[in-house]
Amino acid sequence: MKFITRFQKKSTTIFCSVAMCFMILISCNNEKTEQEKNGDKNSNENIESKSTFLTFNTPENNEKYRIGENIPIAVSYNNKAATIDSIVFSMNGKNIGTTNKPPFEIRLNSAKAAVGQQKIIATAFSKKEKIEVTETYILLLSDIKPKDYTFKIIKTYNHDISAYTQGLVIEKGVMYEGTGEMGASSLRKVKYETGEVLKSVSLANDIFGEGITIFGNKIYQITWKSNECFVYDKTTFKQINKFNYSTEGWGITTDGKQLIMSDGSARLYYMNPENFAQTATLDVYDYDGEILYLNELEYIKGEIWANVYQEDYIVRIEPETGKVLGKIDLTGILDKKFITNKIDVLNGIAYEVPTGKIFVTGKWWPKLFEIVVVEKK
């Protein structure tokens, strides 16, 4: 089960653990450690260069700021043998300022920046030649405190308790559902009013199915650790293509132009539906920090809605910036009388166009809910 395997370490025998510790102790006594041989490595492996003379005074690496702050960026150049003509600063490849004399400092207006980790590079020039490059990172948090929402149940429908729901789509009155677990993963077409399964195709026993979405006349189904996306004909459920990707697969949706995928981190990935090539990424942050464990996704009225794994709420994300605009608290939506040891977490969001109906469910849940979202007072 994903519930166990995602957060449990793989087991090892006591014998192997003791043996490994013994070998490590011997190794430490007889030869230098890798750190002694190579020197301390920077904890942020994204940093590509180390400058001898050019160093950042501010900001500190991965220092946190909020969108809209004027951020001081300053470097020192400690080589008296060279004369600096200018230092050019860039963030994520875009020029953000130039300074020609000490103190080498600029102010970054972050009002239009995206949230998340941003790379800042300082390049020193002497006689129009590049002589030193160094870099650092900042973390930009959202300047918006998310609005709080709750829900009202409009209708309740029966849901197959054998369905470990990973993806949910409703189109023209029909529900399409992707289910997970090794040996039980499937793609289904369901009459949601009754819970009747109209069509189904099973995945191989060694594949853990994840989220699904519909793009045109095709259904895309991603997988957890197999790094495979299966593409089906929407009508026949015949597999017509297969793509590979490098991350884990958790949830997937579409904005009508591209596919948007989650991998359980705070990052979303935009994928080309023609070849599943990654075209962009989007980091998701609220006022306090990153939102980890983004899971099932749905695109609703210009926003990306995401289940947060093992939480009873849905986050509403602004696609242009990654800012969390709101949180929908679904605590208590499943009556306690239905909660058994078999019940797993909230997961599954479907939005029906053009009716505007919103549906939610969970893994092995006996019920599917049509809801409306209401802002908390």
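Quick look at the structure, then. (Residues numbered from 1 in each chain as written. Predicted model: local features only at pLDDT ≥ 70, side-chain atom pairs only at ≥ 80, totals over all residues. Heavy atoms only, no water.)

### So, the pattern of salt bridges
Consideration 1: Counted by the stated rule, this structure contains 8 salt bridges.
Consideration 2: In this structure, D160 and R188 form a salt bridge, with 2.8 Å as the shortest nitrogen-oxygen distance. Of the two residues, D160 is situated in the loop between β9 (147-158) and β10 (165-171) and R188 in strand β12 (residues 186-191); the sequence distance between them amounts to 28 residues.
Consideration 3: Look at D160 and you get partly exposed, because its relative accessible area is 25%.
Consideration 4: The class for R188 is buried, based on a relative accessible area of 11%.
Consideration 5: As a salt-bridge pair, D283 and R267 come within 2.7 Å of each other at their nearest N and O atoms. Here R267 lies in strand β20 (residues 267-271) and D283 lies in strand β21 (residues 278-283), a separation of 16 residues in the sequence.
Consideration 6: The partly exposed category is assigned to R267, whose relative accessible area is 31%. (Salt bridge = Lys/Arg side-chain N within 4 Å of Asp/Glu carboxyl O. Helix = DSSP H or I, 4+ residues; strand = E, 2+ residues; numbered from the N terminus. Buried < 20%, exposed > 50% of the residue type's maximum accessible area, 1.4 Å probe, protein only.)

### Some remarks on the side chain of S185
Consideration 1: Within the secondary structure, S185 is located in the loop between β11 (174-179) and β12.
Consideration 2: We classify S185 as buried; its relative accessible area is 2%.
Consideration 3: At 3.3 Å, the side chain of S185 forms a polar contact with the backbone oxygen of I207.
Consideration 4: A polar contact is formed between the side chain of S185 and the backbone nitrogen of G209, at a distance of 2.8 Å.
Consideration 5: Non-local contacts of S185, meaning those with residues more than four positions away in its chain, are made with T179, G180, V201, S202, L203, I207, F208 and G209. (Polar contact = N/O pair within 3.5 Å; in protein donor to acceptor, adjacent residues only side chain to side chain. Contact = heavy atoms within 4.5 Å.)

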